[in-house]
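Residues per chain are reported as follows:
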Amino acid sequence: MRYQHVRLNGFGYELPPRVCSSAHLEEQLRPVYERLKLPEGRLELLSGIGERRFWPPNTRPSEAAALAGEKAIAASGLRPAEIGCLIHSSVSRDMLEPATASFVHQRLALAGDCLVFDLSNACLGFLDAMLLCANMIELGQIEHGLVVAGETAEALVESTLAALLADPGLTRRSIKSSFASLTIGSGAVALVLSRAEKDDRRRLAGGVCRANTQHSDLCQGGRAGEEGTLMATDSEELLKRGVETARETWHAFRQELGWGPEEIDVFFCHQVGSAHARLLFESLGLDPARNFETLARFGNTGSVAAPLTMAIGIEQGLLSPGQRAALLGIGSGINCLMLGIEW
């Protein structure tokens, strides 16, 4: 996938106001920790996550996404009526029907001829939505598109805590599949993509994807018959297979764009855990110093993670004109996508 006419026109993000530390979650699990003789600090030690953010009670994904979308439109300098496509790309949704994007469209007062829909692909949704939006711009179907994501982790974390406390048969082995659910955090991010002029920078150069769906059983959430919101994750195997898929994606990316490791100034990756980041960069032969991370403060924010990290990195001045950046996302499935940005 290569692009000549697509630019990143404006990011926006919204951070939830409630800060929840890993220590606080462990305090709620104290009866389980004492019974299983688990050491305090285990959650942060294994994940590298000190805290995550949560929305106020009853916050809907569309509300969070619209807050970020409003900021992205303002940053782009466009009027809401100029947005030709809106894609909501979170794991979290307001309901099964209608599309969560419909509520975002209404809140942002976008035009009636704006194409509106949801896209779902686990933690990879936002990057997939960027590609779809870019395709429409490249084909000349729209001038400007808006991708939004609003992740609400509260129900998953609360359901996981309740399930662990209520399970008398829980063992040190069986609790492992639930720990990944306690690394999840909430957040919202949005990006306006626009048709590039000849002298524009901040271009989306292209990208590649790889699917490794024989491992779609390694992380599953919301299965039929489950009460509440629960997720089961084989973290060790998911780590191994995810990095394996990312390695294939990286090799294909180098062939497609012709970029070597030293030609990419900053990497913005999906934020899963500190061990994952170390193994990923070691396996790909990349300099970990070029990986900008937000994991310790926000946890795993699903589809929001990679674009939120990039938005914060840009805000902190990590990219200068003429530099290159890469967005790397890995989603349960397993699917992987890598995008190249020429700043």
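None of these values were measured; they are calculated from a predicted model.

Conventions we followed
- Residues numbered from 1 in each chain as written.
- Predicted model: local features only at pLDDT ≥ 70, side-chain atom pairs only at ≥ 80, totals over all residues.
- Heavy atoms only, no water.
- Helix = DSSP H or I, 4+ residues; strand = E, 2+ residues; numbered from the N terminus.
- Rg over C-alpha atoms; globule rule 2.2 N^0.38 Å.
- Buried < 20%, exposed > 50% of the residue type's maximum accessible area, 1.4 Å probe, protein only.
- Contact = heavy atoms within 4.5 Å.
- Salt bridge = Lys/Arg side-chain N within 4 Å of Asp/Glu carboxyl O.
- Arc of directions from axis to C-beta.

(A) Broad picture of the overall build of the protein chain. On a plain count of helices and strands, the protein chain comes out with 12 helices and 14 strands. Taken over C-alpha atoms, the radius of gyration comes to 20 Å for the protein chain, in line with the 20 Å a tight globule of 343 residues would show. Considering only C-alpha atoms, the protein chain reaches an extent of 65 × 45 × 35 Å along its principal axes. Counting every position in the protein chain, which comprises 343 residues, the buried fraction comes to 54%. Within the protein chain, contacts between residues at least 6 apart in sequence are counted, and of these 79% link residues at least 24 apart.

(B) Representation of the side chain of Asn300 within the structure. Position of Asn300 among the secondary structure elements: in the loop between helix H11 (295-298) and helix H12 (305-315). Look at Asn300 and you get buried, because its relative accessible area is 8%.

(C) Up close: the pattern of salt bridges. A complete count under the given rule lists 13 salt bridges for this structure. Among the ionic pairs, Arg241 bridges to Glu244, the shortest N-O distance being 2.8 Å. You can see Arg241 and its partner Glu244 sitting in helix H9 (residues 235-257), three residues apart, about one turn around the helix. Taking relative accessible area as the criterion, Arg241 reaches 22% and is therefore assigned partly exposed. For Glu342, the salt bridge goes to Arg324, with nearest N and O atoms at 3.7 Å. Here the residue Glu342 occupies a position in strand S14 (residues 335-342), and Arg324 occupies one in strand S13 (residues 324-331), the gap between them amounting to 18 residues. In this structure Arg324 comes out as partly exposed when scored by relative accessible area, which is 21%. Connected through salt bridges with shared partners, the residues Glu27, Arg30, Glu34 and Glu40 form a single ionic network.

(D) Helix H10 (residues 274-284), seen in detail. Considered for burial, the residues of H10 that qualify are Ser274, His276, Ala277, Leu280, Phe281 and Leu284. Take H10 and look down its axis: the buried residues cluster within an arc of 160 degrees, on one side only. Those residues of H10 that are exposed and aimed more than 90 degrees away from the buried face are Arg278 and Glu282. Contacts from the buried residues of H10 go to helix H3 (42-47), H9, strand S11 (266-269), strand S12 (291-292), H11 and S13.

(E) Examining unusual backbone geometry more closely. Pro98 follows Glu97 through a cis peptide bond whose omega is 5 degrees. Positionally, Pro98 belongs in the loop between strand S4 (85-88) and helix H5 (100-108). Here the residue pair Gly333 and Ile334 is connected by a cis peptide bond, since its omega of -10 degrees sits within 30 degrees of zero. Within the element layout of this structure, Ile334 appears in the loop between S13 and S14. Positive phi outside glycine occurs at Ala122, with the angle close to 50 degrees. Mapped onto the elements, Ala122 comes out in the loop between strand S5 (115-118) and helix H6 (125-138).

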